[in-house]
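Residue-level structure breakdown
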Amino acid sequence: MDKKIKKEIKGSAEIEQQLSGDEKALLDELGIFGESRRKFLGQTSAVGLSLMASQFFSVESMFASETPNTMEVPLKLINPMDVSFTINGEVESLTIDSRMTLLDALRERLQLTGSKKGCDHGQCGACTLMIDGDRVLSCLTLAATCEGKEVTSVEGLAKGTKLHPLQDAFVEHDGFQCGYCTPGQICSSVALMEEAKNGDASYVTQDIRNISKNIKLSDEEIRERMSGNICRCGAYPNILAAIKEVHTGKDTSVNWQELE
Ligand code: FES
Ligand code: FES
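This text gives an overview of the structure that appears in the document. Going along each chain's sequence as written, the residues are numbered from 1 onward. To label them, take the chains in the order written and letter them from A, then take the ligands in the order written and number them from 1. Owing to the predicted nature of the model, reporting of local features is limited to residues with pLDDT of at least 70; listing and counting of side-chain atom pairs is limited to 80 or more, with chain, interface and lining totals taken over all residues. To obtain the side-chain values, all non-hydrogen atoms of the structure were used and water was disregarded.

Once that is clear, we can look at the overall build of the protein. When you go through the protein residue by residue, the secondary structure sums to 10 helices and five strands. By residue count, 38% of the 260 residues in the protein fall in the buried class. Throughout, a residue-residue contact means that at least one pair of heavy atoms, one from each residue, lies within 4.5 Å. Once local pairs closer than 6 in sequence are excluded, the contacts in the protein between residues at least 24 apart make up 52%. Numbering of helices and strands starts at the N terminus; helices are DSSP runs of H or I of at least 4 residues and strands are runs of E of at least 2. Type-normalised accessible area, obtained with a 1.4 Å probe on protein chains alone, sets the label of each residue: buried when under 20%, exposed when over 50%, and partly exposed for intermediate values.

This part is about the pattern of salt bridges. Any Lys or Arg side-chain nitrogen found within 4 Å of a carboxyl oxygen on Asp or Glu counts as a salt bridge. Summed over all chains, the structure comprises seven salt bridges. Asp-104 is the partner of Lys-117 in a salt bridge, and the nearest nitrogen-oxygen pair spans 2.8 Å. In this pair, Lys-117 is assigned in the loop between α5 (102-109) and β3 (128-131) and Asp-104 in helix α5, connecting sequence segments 13 residues apart. A relative accessible area of 6% places Asp-104 in the buried class. When salt bridges with common partners are traced through the structure, they connect Asp-104, Lys-117 and Asp-120 into a single cluster.

On to α5, then. The element α5 is largely enclosed, with a buried count of six among its eight residues. Those residues of α5 that fall on the buried side of the exposure criterion are Leu-102, Leu-103, Asp-104, Ala-105, Leu-106 and Arg-109. With its phi angle positive at about 55°, Gln-111 sits one or two positions after the end of α5.

Right, let's talk about a nonpolar patch on the surface for a bit. Patch membership requires more than 30% relative accessible area and the absence of a salt bridge. Residues of like charge join within 9 Å; the nonpolar side chains Val, Leu, Ile, Met, Phe, Trp and Tyr join within 5 Å. Calculation of accessible area relied on Shrake-Rupley with a 1.4 Å probe; when residues are assessed, cover is drawn exclusively from the protein chains displayed. Taken together, Leu-163, Val-171 and Phe-176 make up a surface patch of nonpolar side chains, about 230 Å² in accessible area. Inspection of the secondary structure puts Val-171 in helix α6 (residues 165-172).

The subject of this paragraph is unusual backbone geometry. For Gln-111, which is not glycine, the phi dihedral falls at a positive 55°. Of the residues examined, Gln-111 reaches a relative accessible area of 39% and is grouped as partly exposed. In this model, Asn-214 sits at a positive phi of 50°, which is unusual for a non-glycine residue. For Asn-214, the location among the structural elements is in the loop between α7 (182-198) and α8 (219-225).

With that settled, consider the packing of α7 against helix α9 (residues 236-248). Each axis is a line fitted through C-alpha atoms, and for a helix only the stretch in contact is used; angles between axes span 0 to 180 degrees, taken between their N-to-C directions. At a minimum axis distance of 11 Å, the contact between α7 and α9 shows a crossing angle of 35°. α7 and α9 meet at a crossing whose hand is right-handed. Side by side, α7 and α9 meet where Gln-185, Ser-189, Leu-192, Met-193 and Ala-196 of the first sit next to Ile-239, Ile-243, Val-246 and His-247 of the second. Polar here means any residue outside two lists: the nonpolar Ala, Val, Leu, Ile, Met, Phe, Trp, Tyr, Cys and Pro, and the charged Asp, Glu, Lys and Arg; Gly therefore counts as polar. Here the contact of α7 with α9 is composed, by residue class, of six nonpolar, three polar and no charged. For a crossing to be left-handed, the near helix must be turned anticlockwise from the far one by less than a right angle; the clockwise case is right-handed.

On to the packing of α6 against α9. For any two helices packed against each other, one specifies the crossing angle of their axes together with the interaxial distance. Closest axis-to-axis distance for the α6/α9 pair is 8 Å, and the angle between their directions is 140°. What the angle tells us is that α6 and α9 run oblique. In this structure, the crossing between α6 and α9 has a hand that is right-handed. For the pair α6 and α9, contact is made by Pro-165, Leu-166, Ala-169, Phe-170 and Glu-172 and by Ile-239, Ala-242, Ile-243, Glu-245 and Val-246, respectively. Convention used here: angles under 35 degrees read as roughly parallel, angles over 145 as roughly antiparallel, angles from 65 to 115 as roughly perpendicular, and any remaining angle as oblique.

Looking now at the environment of Phe-176. Mapped onto the secondary structure, Phe-176 falls in the loop between α6 and α7. For Phe-176, a relative accessible area of 33% puts it in the partly exposed group. Sequence separation of Phe-176 and Cys-231 is 55 residues, and the distance between their C-alpha atoms is 8.3 Å.

In structure tokens, the structure reads:
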């Protein structure tokens, strides 16, 4: 047998003996047995494998649930804690892993999948929703911090079959193509209207010393205030038209005949 192969087999046998229960379970879970296992161990450092195992099992434990029953407590929670908050008018109490984000709690535990996971890093705005009326990125918000708070996601905007005026406007102005960013865009624009009513300044507000309530937002202001919501389909002009129409109460539809 080639010396190099012998060395690799010897090395992998030594690593195998030193594996923890989690690391062995990870290899079993991944279906790596026999010769493939020896090769894999020969090429993987012990530190790398242990990191992989801890990541794999902590993610598993955060989401583990035997059934799709939303209130079922996952079986393998490492840092369990109870949290209770209002979501779209309903009080929900959950036992969660203390590291679980609000986005994951809604999507994985409450089956509220309207808030989207785009980047999961606070970069795209697809997960935007409101907590006590302020817009937040739910992928960067720990569910544990929402105790006693009022959370509103896109599912909570319509009243029965009557859409929120901004939802109507997005439909009327084709403010979306694939629709993936749309729940975040709509929640962001609902909160934006409140910010304008309260007289909150933005980065492009000209004179912040004379700012009053009920600000009339220019196109530039709306663009700036919506800049945290990315649309890969580039529906920005239509999104702007939809928000402007609701904000001003004036029809912003393009008259194509006038443009001819
Ligand atoms: S998923 Fe939260 S900002 Fe992208
Ligand atoms: S409509 Fe597709 S990402 Fe915005």
